[in-house]
Each structure stands twice: as C-alpha cells, then as structure tokens.
Amino acid sequence: MKEFLGSIEYNKNGDILISSSCLTYQNWSGSYAVIDKQNLTKVDSNYLPSNLKFFDTTKSGVCTARWVSNEKFLIGTDCGKVELIKWNDEKFNIIMSKEEHDGLVTCLDRKFNSEKAVSGSSDCRIKIWDLNEAMSVRTFRGHDYPITSLTLNHSDAIRMISTSEDGKAVLWDMRKSKPGFNLRHGLKSYPTCSAWSTDNSDAIVLGFATGHIGVYDLRNMSLGTVHKIHERAIRQLKFNSLKLLSTASDDSASKVYQSVSDKSLKLLYSYKHRDYVTDLDWNPDDKLSYVTCSWDGTFKNHQVNFKISNGIKEFI
C-alpha cells in the first residue's frame, strides 16, 4: 500500500510531524506520525508512517498537519475537518474536531505557541480559529477557486497571504472590517504558495503553478523580477535565518537558493525525489539542514554546503 506524504514540519524541540494519505480500493484513508528528536537518526526515511512508533490513522485523507506547540498539532482532512491533537506520553488525544469546511482542508497555519490558527479549503473559504475556545470565530470569502496556501506573518499573526487556483494572491489584515486586498501580479499562472521575508515584513515571495517565483513588494504593491526555477508547480517555499530559500515542487525536485541581488538568484543545492515533493521545513537546530517529504512515500534530510566566515556567507 503506497502512502502519499502530504506534509512535514519540525517543532521547536526538533521532533518531526508527518501526515500522509493512502488509497485503498476507492476509499482514501490517512495517518499522522511523530518522530521524536532522540529517535530521528534511527529512523529510515523509506519507512512508511504506518511503521513508525508514534502513529495514528484517520478514516479520511490527511491533507496537511502543523505544530501549534511542542505538544499539540493541527491536522486538516479531505472531508473538511480540522482537528487539534495533543501528543503526550506516546499517545495521541483529540482535543478538538470540527467539520466546518465543505471540501478538502488544503492548508493550515498558526503562530507557534498561540491560540490563533487559520485553515483554507477547496470550498474557497478561509476560517480563523480560536484554539482555546475550540471553535472558528471568523470566515473570509475572497476566492472563487480552491485555496492553495495560507501564510501567516508569524511576527504579528495579524496579516496573512492566501493563494488560490483563481489566480489571486490576497493580503489579509485581520484588524480591518474589509480585510482582503488583491495583490495583482500580472502572470498568466496562479500562485500556489508564499513565504514572508525573514528580514522585511513588507516583502513576500510568491510561487506559481508554472514553476516561477517572484518577490512582491507590499509597500509598492508590485511584483519584482520573476525567476523560472522549476518545471512544474511549486508546492512550498521557506526561508531560514540565513535568508536561504528552499523550495518543493511537482517536478519532484527540491532546491535551495541564495539571493545575490534584487535580480539574481544563486542555486546552492538540488535534490530529486521520485514523485511530487509536497512539503519541507528547516531544522531548528541546524541552519543548513532541512527536510522534505514526497508522494514517493519517503522523507529526506538535506544538508546544504554553505559556510559563514567573518560575517561573509560563502557557498562551498
């Protein structure tokens, strides 16, 4: 039975959360698993999540999973359900289970160690969640087709970016009565993911279904230089503290880039899975290490050859 890995993420302790889905005859089922930091080096990346020690199943596919704290995480399922789960003493306890979306929960985000979370769905809606009250408190409708990603600004958790198959990227400011603002990009493609800059809260990187990326300036409301870095859709983008950008794509590749100038990118690393690369995350304990997961059923730890000497960053 093939398990399609859908998401992967570290918590602050260095434990890894993985979600997956599998097709049995005509029915989808799902699972989630935790690999604690102490056992991470002992786990073969070719293991199916169902073979891991800390593992549980669901009756529907698990599209995405995100840590809320070092002990709690959220999952989103293909039946429209959002669940809050606590991992404690090698057990999983469901704290909240709400089926409020009318389609797949395609994306989740949250500010770590806070009670606020957001979910996006193929039903074109975005929901804001109060995890302390175990309920959704607000619903945004700004898209006409499935939502492909949600990215909170983790410094304030007030602004977020949504992307959708309708071609739109929307900036949301939750302080406003009319919170949504369309970020016009002018490309004949739809945005699939986004990432906030680590040193400029007014700059985001947008990834597109055609494999392009571009930096959007929120002050000038304009898209800068666009680069073609993948052959197919980009699933995920993430910066680390060194401003290195890692990518995951449907062309089965994951890459790491350094921004040399406003108009130039330098490729530092590339790796090819055997199927779609669905998610990635940087290691909180190693600035040059990150992990990816794929529909080929494996997750992979990557090490980027890059050094810092006297404040100067240098590719090896």
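What you see is a predicted model; the values in this text were computed from it and never measured.

Criteria and cut-off values
- Residues numbered from 1 in each chain as written.
- Predicted model: local features only at pLDDT ≥ 70, side-chain atom pairs only at ≥ 80, totals over all residues.
- Heavy atoms only, no water.
- Disulfide = S-S within 2.5 Å.
- Pairing = 2+ DSSP bridges.
- Helix = DSSP H or I, 4+ residues; strand = E, 2+ residues; numbered from the N terminus.
- Axes fitted to C-alpha atoms, helices over the stretch in contact; angles between N-to-C directions.
- Salt bridge = Lys/Arg side-chain N within 4 Å of Asp/Glu carboxyl O.
- Buried < 20%, exposed > 50% of the residue type's maximum accessible area, 1.4 Å probe, protein only.
- Polar contact = N/O pair within 3.5 Å; in protein donor to acceptor, adjacent residues only side chain to side chain.
- Contact = heavy atoms within 4.5 Å.
- Phe/Tyr/Trp six-rings, centres within 6.5 Å; stacked < 30°, edge-to-face > 60°.
- Lys NZ or Arg CZ within 6 Å of the ring centre and 35° of its normal.

## Here we look at the state of the cysteines
In step 1: This structure, assessed with the given rule, holds zero disulfides.
In step 2: In this model C22 remains outside any disulfide bridge; the closest cysteine sulfur is found in C63, 13 Å from its own.
In step 3: C63 provides the cysteine sulfur closest to C293, a residue in no disulfide bond, and the two sulfurs are 13 Å apart.

## As for the sheet that holds strand 17 (residues 191-196)
In step 1: Taken together, four strands build an open sheet; the order of strands is 17-18-19-20 and the sheet is antiparallel. Edge positions in the sheet fall to strand 17 and strand 20 (222-228), since each has one partner strand and no second. The mean angle between the axes of side-by-side strands here comes to 25°, regardless of whether they run parallel or antiparallel.
In step 2: Bridge count between strand 18 (residues 203-208) and strand 19 (residues 212-217): five bridges; the pairing is antiparallel. By the bridge assignment for strand 19, L206 is matched with G214.

## A short note on the pattern of salt bridges
In step 1: Enumeration over the complete set of coordinates arrives at 16 salt bridges.
In step 2: D166 is the salt-bridge partner of K168, the closest N and O atoms lying 4.0 Å from each other.
In step 3: The class for K168 is partly exposed, based on a relative accessible area of 22%.
In step 4: In this structure, R175 engages D173 in a salt bridge whose closest nitrogen and oxygen atoms are separated by 2.7 Å.
In step 5: According to the relative accessible area criterion, R175 is exposed, its value standing at 61%.

## Quick word on the side chain of S69
In step 1: Note that S69 resides in the loop between strand 5 (62-67) and strand 6 (72-77).
In step 2: From its side chain, S69 meets the backbone nitrogen of K72 in a polar contact 3.1 Å long.
In step 3: Those residues in contact with S69 that lie beyond four places of it in its chain are N11, F112 and N113.

## What about the sheet that holds strand 5?
In step 1: Here we have four strands laid out as an open sheet, ordered 5-6-7-8, and antiparallel in their pairing. Looking at strand neighbours, the two that pair on one side only are strand 5 and strand 8 (91-99), the edges of this open sheet. Across the sheet, the axes of successive neighbouring strands diverge by a mean angle of 20°, strand direction being ignored.

## Digging into the packing of aromatic side chains
In step 1: Considering all chains together, one arrives at 10 aromatic pairs under this definition.
In step 2: Pairing Y32 with F73 gives two aromatic rings, centres 5.5 Å apart and planes at 65°, and the pair type is edge-to-face. Remark: F73 occurs in strand 6 and Y32 occurs in strand 3 (residues 27-35); sequence separation between them is 41 residues.
In step 3: Between W67 and F73 the ring centres are 5.7 Å apart and the planes differ by 80°, which places this aromatic pair in the edge-to-face class. Both residues of the pair, W67 and F73, count as buried.
In step 4: One aromatic cluster in this structure is built from Y32, W67, F73, W87 and F92.
In step 5: One Lys or Arg, K12, reaches over the ring of F112 and ends 5.2 Å from the middle of that ring.
In step 6: For R235, the ring lying beneath its charged end belongs to W295, and the centroid distance is 5.5 Å.

That's the geometry; what it means functionally is another story.
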